[in-house]
Amino acid sequence: MSAFLSRREMLKRAAAAGAATAVPHSALAQGLSDADAAEPFENLTSLHARILEAVVARLIPSDENGPGAPEAGAARFIDRALGGVFADLQSLYAAGLDALDAHARNTAGQPFAELDEDQQDAVLVDLERNAADGFTPDAASFLDVVLQHTVQGTFSDPHYGGNRDFIGWEMLGYPGLRLAVGPDEQAMDAGSQTTRLSAYDLPMFDSPDGEGDSP
Amino acid sequence: MTVTLAATDVAVIGLGGVGGVAVLPLAEAGMDVVGLEAGTWLSPSDFAPDELRNNYRGWPQAAQKANREIPVHRPNASAPDSPRGSVHPMMNGVGGTTLHYWAQSWRLNPWDFRVVSETTRRYGAGRIPAGSTVEDWPFGLEELEPWYDLVEREVGVSGQAGNVNGTIDARGNIFEGPRAREYPMPPLRGTEFTELMAGAARRLGWNPFPGPAAINSETYDNRSPCLYHGFCSRGGCHVEAKNSTAVSTIPKASATGNLRIETEAHVTGIAVDGEGRASAVEYLNDGETYIQPARVVLIAGYTYENVRLLLLSTSGAFPNGLSNNAGQVGRHYMTHNQRAGVLALFPHELNRWYGLPAQGIAIDDWADDNFDHSDLDFIGGGNLWIYSDQRPIEAASMNTFGRAPRWGSQWKAFVMQNAGRWANSYLQKTTLPYEDNYLDLHSTITDPLGLPVCRVTADYKDHDRRLASYIQDRMEAWFREAGAIETVRQPIGSMVVSTHAYGGTRMGDDPETNVVDRYGFSHEVPNLGVLGASVMGTSGARNPTLTAQALAWRTAEHLVANWSTIGG
Ligand SMILES: Cc1cc2nc3c(=O)[nH]c(=O)nc-3n(C[C@H](O)[C@H](O)[C@H](O)COP(=O)(O)OP(=O)(O)OC[C@H]3O[C@@H](n4cnc5c(N)ncnc54)[C@H](O)[C@@H]3O)c2cc1C
Ligand code: SF4
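Residues numbered from 1 in each chain as written. Chains lettered and ligands numbered in written order. Predicted model: local features only at pLDDT ≥ 70, side-chain atom pairs only at ≥ 80, totals over all residues. Heavy atoms only, no water.

Draft legend 1. Fine view of the overall build of chain A. Looking only at helices and strands, chain A has 9 helices and 0 strands in total. Pairs at least 24 residues apart make up 59% of the contacts formed inside chain A by residues separated by at least 6 positions. A total of about 9,200 Å² of accessible surface is found on chain A, and carbon and sulfur atoms cover 51% of it. (Helix = DSSP H or I, 4+ residues; strand = E, 2+ residues; numbered from the N terminus. Contact = heavy atoms within 4.5 Å. Areas by Shrake-Rupley, 256 points an atom, 1.4 Å probe, with all protein chains shown as cover.)

Draft legend 2. View of the packing of helix α1 (residues 19-28) of chain B against helix α12 (residues 545-561) of chain B. All names here are of chain B. It is at 8 Å that the axes of α1 and α12 come closest, and there the two elements cross at 25°. Relative to α12, α1 is oriented roughly parallel. Relative to α12, α1 is oriented so that their crossing is right-handed. Contacts from V21, A22, L24, P25 and L26 in α1 reach Q549, A552, W553, A556, L559 and V560 in α12. Residue composition of the contact of α1 with α12, by class: 10 nonpolar, 1 polar and no charged. (Axes fitted to C-alpha atoms, helices over the stretch in contact; angles between N-to-C directions. Parallel < 35°, antiparallel > 145°, perpendicular 65-115°, else oblique. Left-handed = near helix turned anticlockwise from the far one by under 90°. Nonpolar A, V, L, I, M, F, W, Y, C, P; charged D, E, K, R; others polar.)

Draft legend 3. Region of interest: the site of ligand 1. Residues and elements named next belong to chain B. Taken together, the neighbourhood of ligand 1 is formed by 36 residues, with E37, N92, T97, Q104 and T545 sitting nearest. N92 places a side-chain nitrogen or oxygen 2.8 Å from an oxygen atom of ligand 1. One of the side-chain N or O atoms of T97 is found 2.6 Å from an oxygen atom in ligand 1. In the complex, the protein chains occlude 97% of the 990 Å² of accessible area that ligand 1 would expose alone. (Near = heavy atom within 4 Å. Polar contact = N/O pair within 3.5 Å; in protein donor to acceptor, adjacent residues only side chain to side chain.)

Draft legend 4. Quick look at the interface of chain B and chain A. Across the boundary between the two partners, chain B contributes 52 residues, which contact 57 residues of chain A. Buried area between chain B and chain A, both sides added, is near 4,500 Å², and the carbon and sulfur share of it is 59%. Among the residues of chain B in contact with chain A, R57, Y354 and W407 of chain B are the three that bury the most area, contributing 20% of the side total. Remark: the boundary between chain B and chain A carries 3 salt bridges. When the shortest N-O distance is used, the salt bridge between R406 of chain B and E128 of chain A registers 3.1 Å. When contributions to the side of chain B that touches chain A are tallied by element, the ones reaching two or more residues are α2 (51-56), α6 (192-203), α9 (392-396) and α10 (409-418) of chain B. (Buried area = accessible area lost by both parts, 1.4 Å probe. Salt bridge = Lys/Arg side-chain N within 4 Å of Asp/Glu carboxyl O.)

In structure tokens:
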């Protein structure tokens, strides 16, 4: 647990370092991290959760350009999906995160979550280049899966637990859901005001929870 | 327990893009029609602007039939199976895949009906690629024109005509064949980005025009105009501006009182009588088996299922599958050479965040035989399409054009700058049928009912690759002319499971090389019709649905006119 917290502290410090441009973001990061620490993960073990949080923090980092996957809640998005639409990926995640941590220990002598950022990146680059053993089918495919899900967890509708506070959409400059879009809002430099809406804030749409959504 | 139902005149298997059209002329003619649909009705409240659900999670549907029988692909007969997809692109629901399709609603061009004779006339027979089984259609565009016209009106298509009775209008597609009249609705509006691209095309001497779409550009049949809000690249339309058959032809057919719709009816086979005529359709609903006797059966379950149902329906008269005594079921399969696209990066915002895939600009100058192929090493061509539609997960997954890694701080900085500055293109290219591209049943993989899934054995040929590369050159030139600072060519891939799957039950006069006759009825089973792009013998360079719908309407009308011989 102490490693977990110190990692979080580091993230906060990293965010605070960009304070000149990102004061609101760093404040936000701090608030969300505190909330995170309170809620347990639902499907991942605390060890796996710690590794995954550290991985998503390198994939879409919180940095001088603002918050990233940690503040968006990407790891929690994945955790939640592992209890539903990703249920058949549970063992893939468990085995992959174990193999990733083993590779970190073998190459850098420490669990992944305790490495510094450069060391963590080096581990992820090894996975990307398939220069790490113990993965099924291979390290690069595992990294691809985690990367795709981290992107989904950062940029999907906040309904699913990620993209908290519309962090992802703001990162992209996406002005948000609108139900009617006029010609001016399709101009190249429209610069439309951001709406900050989930589809399910709109009462006309049924929530997708429940049966029938997963193939 | 098996329940045998009262006989009906016509049983239609699948109420999607084509079954949903065919039921209208049948019901209007007073026939007793039963529509057996594996899916359920969906309502506007199911069509949330939710990218995760629509584009990544197999989208809302109560019946997960397609996803449980995803065809298995292999590039050729000696290759292992390719990794199997996890989401079937097609939909189970009343309206079928037209609920969530892009709704581009093209007519084929005249050349597409006459590939063999036109190629032979202009360049010599030697230009038909070796191994291709392509034939001319049994008729030309002029034969299908009245049905195109009907469907454009009954379903509702917006667009700009380019050739009304031979009078060319440069605002539309100057290469299209003659049409009897204008579209029933003006085209969808353009955007500043699509105008930028149109201007660049004109500078290149090309002829840009807004594409036709089954999307309302104005109020139509009391349904709303499009609000351009997006999220319908694989999503339904909550204001019914997208003219799926669920909001257009099916309700009109129901209103006659002659169409009975059975939802969650999963058809597993077609029975034949002692004379080798189709006699009944067998389906499952909630664990119960039903037999629906019918005087005529129309199959409309989309290409893979059309072929599979025929092959699964074996009998003494048809030991190798229904209507397959000539061994043609599953042959002449092709998909659109849809991949091999081009991506572009611009030095300024494009704002493709809103709009829809059908809101775009087409170039037909490089399609079909619209340009001279004398000195080229392929026949056919491609339709170039750019459009305004982009969603956040898609944007964050953008190609980094070699300027940034795939993740990390540098990636993040790149995406923050460029998420709104890139564009893709949709390049649909002619594909030809070949001897060794075909569909059959998989030898070991089954659906949860234990029935073998469809197996796709198909790959692009060198001919298709040369054509793709030529079209990508044109697309790169177009983007560069519009100011793109980077372009990337996407790979062609293999001929995997597709949203545009053609052939398998090809239409033609020769029963030795075709499953159905020129009206869509089986050469071997006179009261069995097949609807869908599975009857099409060429792909053209544009989406199939309007053509498949026009053919379906024509098949239904032929049935009405010849009821005593076909249904008797
Ligand atoms: C994302 C996407 C975008 C597309 N965009 C375009 C476009 O812009 N323009 C275009 O022309 N085409 C487009 N297409 C293709 C278009 O959707 C198809 O051409 C069209 O829907 C085919 O009509 P169909 O009736 O043959 O099949 P479908 O519309 O798929 O309908 C088949 C129906 O049969 C039912 N069914 C299947 N098997 C059985 C069974 N055994 N028993 C009972 N019912 C059964 C299914 O549930 C389904 O409702 C797109 C497709 C996708 C996926
Ligand atoms: S963009 Fe148009 S067609 Fe698409 S969902 Fe919105 S209103 Fe419907």
